[in-house]
Each structure stands twice: as C-alpha cells, then as structure tokens.
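Given next are the chains, with one letter for each unit.
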Amino acid sequence: MKLFSNDIGIDLGTATVLVYVRGKGIVLKEPSVVAIDMNTNKLYAVGEEARRMLGRTPDAIRAIRPLADGVISDYDLTEAMIKSFINKVCKRRLFKPRIMICVPSGVTEVEQRAVIDAAHQAGARKVYLIEEPIAAAIGAGVDISQPRGMMIVDIGGGTTDVAVISLGSIVVSRSIKIAGDEFDEAVIKYIRKRYSLNIGSRTAEDVKISIGCVYPREKDISIDIRGGSLLTGLPQTVTVSSEEIRGAFEDVVSEIIEAVKTTLEETPPELVGDILEDGILLTGGGSLVNGLDKRLKKETGIDVFLADDIVSCVAKGSGMALENIDSLSDPTHTYYKR
Ligand code: ADP
Ligand code: MG
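Throughout, a residue's number is its position along its own chain's written sequence, starting from 1. Starting at A for chains and at 1 for ligands, labels are handed out in the order in which the entities are written. In view of the model being predicted, local features appear only for residues whose pLDDT reaches at least 70, and side-chain atom pairs are presented and counted only at 80 or more, with totals across whole chains, interfaces and linings using the full set of residues. The basis for every side-chain value is the complete set of heavy atoms in the structure, and neither hydrogens nor water enter the calculation.

*Asks:* An account of the site of ligand 1 is needed here, citing residue identities and associated values.
*Replies:* When at least one non-hydrogen atom of a residue lies within 4 Å of a molecule or strand, that residue is treated as near it. Within the structure, ligand 1 sits among 16 residues, and Thr14, Ala15, Glu205, Lys208 and Gly285 are positioned closest to it. Between Thr14 and ligand 1, the recorded distance is 2.5 Å, taken from a side-chain N or O atom to an oxygen atom. Under the rule applied, a polar contact is a pair of N or O atoms within 3.5 Å (in protein, one hydrogen donor and one hydrogen acceptor; residues adjacent in sequence only if both atoms are side-chain atoms). Side-chain polar atom of Glu205 to an oxygen atom of ligand 1: 2.5 Å apart, as the coordinates give it. Put simply, DSSP marks the helices as runs of H or I at least four residues long and the strands as runs of E at least two long, and each gets a number from the N terminus on. It is helix α6 (residues 201–210) that contributes the most residues to the shell around ligand 1, three residues altogether.

Structure follows, in structure tokens:
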C-alpha cells in the first residue's frame, strides 16, 4: 500500500477523455471537445462546456473535436485540452504524478511527442504512452502476461481497433476510421434521404442510442425526430423505427465485421485456437450499439463479451499499468518512455 496515490491513467479518446487516479478510480470524464475564440485564437472552453457549444456557436467561437479521426488535427489545442484536464484533477500538486496516457491508434510519433510534452508541462514527473488494446485488456482484468492469444475489439468514436495480443504485446492489429461517429453519420444521411429532413449530430446520436440496432430487436420500437425540412425550411417531426435505422447501419457494421474477420485471418493458428476458446472482448462506447455483440458472434462464430467497465476500462488499465512498469519484460515495445 502506497501512502499517496499519484499515479494517473488517461484515456485520450476521440470522443471522451477519462482520467483514472489510483486509489480513487475515475475522477474525470469529459468530451474531447474544445472551443476557441477565433479572434484571439485563445481557448474559450474545454470538455463538457465546449461540447454544449458544438453546432451552436456564433461566428467568433468554434467548437471542435481535435482528435475526432484518431489523428491530432490541431496540436496546440490538444495540448491545451490535456493540460486543462490534468490541472483539473491535480489541483494541489504536492507530489508530481506519473502519468500513463493511452492515445488513439494512428497518432504519429510526432503527435505522441506533443502529447508527452503537454503532460510534462501540466506537471507530470514521468510520462508514458500505452497502446489501447493493452490498456483495455489490463483494465478489463485480463492477465496479459500469459502466452495466450486474446482478441480485443475497441469501437470508439472515430476509430475501431482490432488487436490480438499475447505475452503482453500486440501480435496482429488493424485500425479503421469507421466507428461510433459513422453510425451517427448514417442516421443523418438516412433521415435526409428518406424524409428530406436535416438533423444535427447530437440528435443523430440520440437516435442511435435510443432505437438504433445492428441485430433485429425483439420488438420494433420507434422515436419522433425533429429537424429542419429541406423542402420548406421549417421545423418538422417524423417518426422513425429501429428497423429503418438497422438498414441504415448495415454498411457501417459490415466494415467493422470485415476488419475483425481480416484480422482473424492474419492471426497465427495457435492464437486463433485460444480466441475460439476464450471469445472476443468488446470495449469502447461504440460497441454499445444495440445487438453489436450478437451480430459479431453470428458472423464470426466466436463468443463475444462486452467488458464490464466498457467506458472506463482503458483509463483504468492505463493507470494500473503504471504499477507494473518496472517489471515489464519488454517495456520499450509496449510503452514509449521518455
Ligand atoms: P473514444 O475512445 O474514441 O473516445 P468512446 O469509447 O468514448 O470513444 O465511445 C464513443 C462512442 O460511443 C460515440 O460514438 C458514442 O455515440 C458511442 N456510445 C456511447 N454510449 C452508447 C450507447 N449506449 N449506445 C450506442 N453508442 C454509444
Ligand atoms: Mg477509446
């Protein structure tokens, strides 16, 4: 038992940032959104406050998601966002924290360096980066040190990451820029085409979460959606059913399934055997789309499990990984250390 907990795990997601403090659990969960004042180029708001401004800002203020595609679109903003979140959770900095950060896959080495610098500037004593599937597995309570193949499928906002790990390292992996956000896009496109109605991404996400599905629901349900008519320009309400949305989701879910199947094909046979026995672990908010686990099981013939802590397991796993940082067999492979 340590006397104080100053180990922090950060999940820098494309949609959500979570901060885990050892001994305290998840202490921060905010959308990865920043708002900037275009006139002064200064940060105007961060996190939840900035998210409320998405699509509602006057010309002078812009709300953006700097990590939306799993690529850092704006360095300075990402840096400011990280600093703001870290400062929020370590107000009294008596002991400088060690921080393990999980960055979206696809983030380049230069971008990783920017993330590390931001954490140092925010007062970290040591900063490490961890790969998402490893963090997710640790957070889900898996013993990753075993010579046993395990498949993790993380469906976030901007990216879906499929990985097979064994002995604490990634053996095969694949990342596609098709994930939770694309389901929202599919809702927007469908409503526009079928009903000539314009809706925003917040409404689309609500539809996805409340009635969307990728496997037939036991009972078809429906929801009223309000938007702007493309024909009259006036507000209009339409009723949409889950079966309609299931059709609209077909392309997106097919791509995700394809990514899983291709990764399985590239996996060494012994490890495939392990995965057949143990099943596939699903993490990330995007995997909560209704029926996704059932659909994946049907298409692959492999059992599929949702992680218990689907939203927070990556942040938790990052924090937990700090406990073992010195005892890792190959730290340079799994963790990029500064
Ligand atoms: P990231 O790791 O990229 O930040 P998250 O793991 O936080 O992403 O997942 C964000 C995605 O999960 C978003 O697209 C969001 O709409 C989706 N999501 C969250 N909750 C649900 C739910 N109950 N049903 C369907 N999708 C959900
Ligand atoms: Mg994530």
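Structure shown, so let's carry the discussion forward.
*Asks:* Give me the lowdown on helix α8 (residues 269–278), citing residues and values where you can.
*Replies:* Inspection of α8 places Leu271, Asp274 and Ile275 among the buried residues, and these make up the whole buried set. Down the axis of α8, the buried set is contained in an arc of 100 degrees. They therefore lie on one face. Residues of α8 that are exposed and point more than 90 degrees away from the buried face comprise Pro269, Glu270, Leu276 and Glu277. A contact between two residues is defined here by any heavy atoms of the two lying within 4.5 Å. Where α8 is buried, its residues meet β9 (150–155), β10 (160–166), β11 (169–176), α7 (242–265) and β15 (280–283). The positive-phi residue at the C-terminal boundary of α8 is Gly279, with phi of around 90 degrees. Residue exposure (1.4 Å probe, protein chains only): buried if accessible area is under 20% of the type maximum, exposed if over 50%, otherwise partly exposed. The directions considered for the arc are those from the helix axis to the C-beta atoms.

*Asks:* Residue-level account of the sheet that holds strand β14 (residues 235–241), with values.
*Replies:* One requirement defines pairing of two strands: DSSP has to find at least two bridges between them. Taking strand neighbours across the sheet as the criterion, the three strands line up as β12-β13-β14 in an open arrangement whose pairing is antiparallel. In this open sheet, the two strands that pair with only one neighbour each are β12 (197–198) and β14. Examined bridge by bridge, β12 and strand β13 (residues 222–229) share two bridges and lie antiparallel to one another. Among the inter-strand pairings, Asn198 is bridged to a residue of β13, identified as Gly228.

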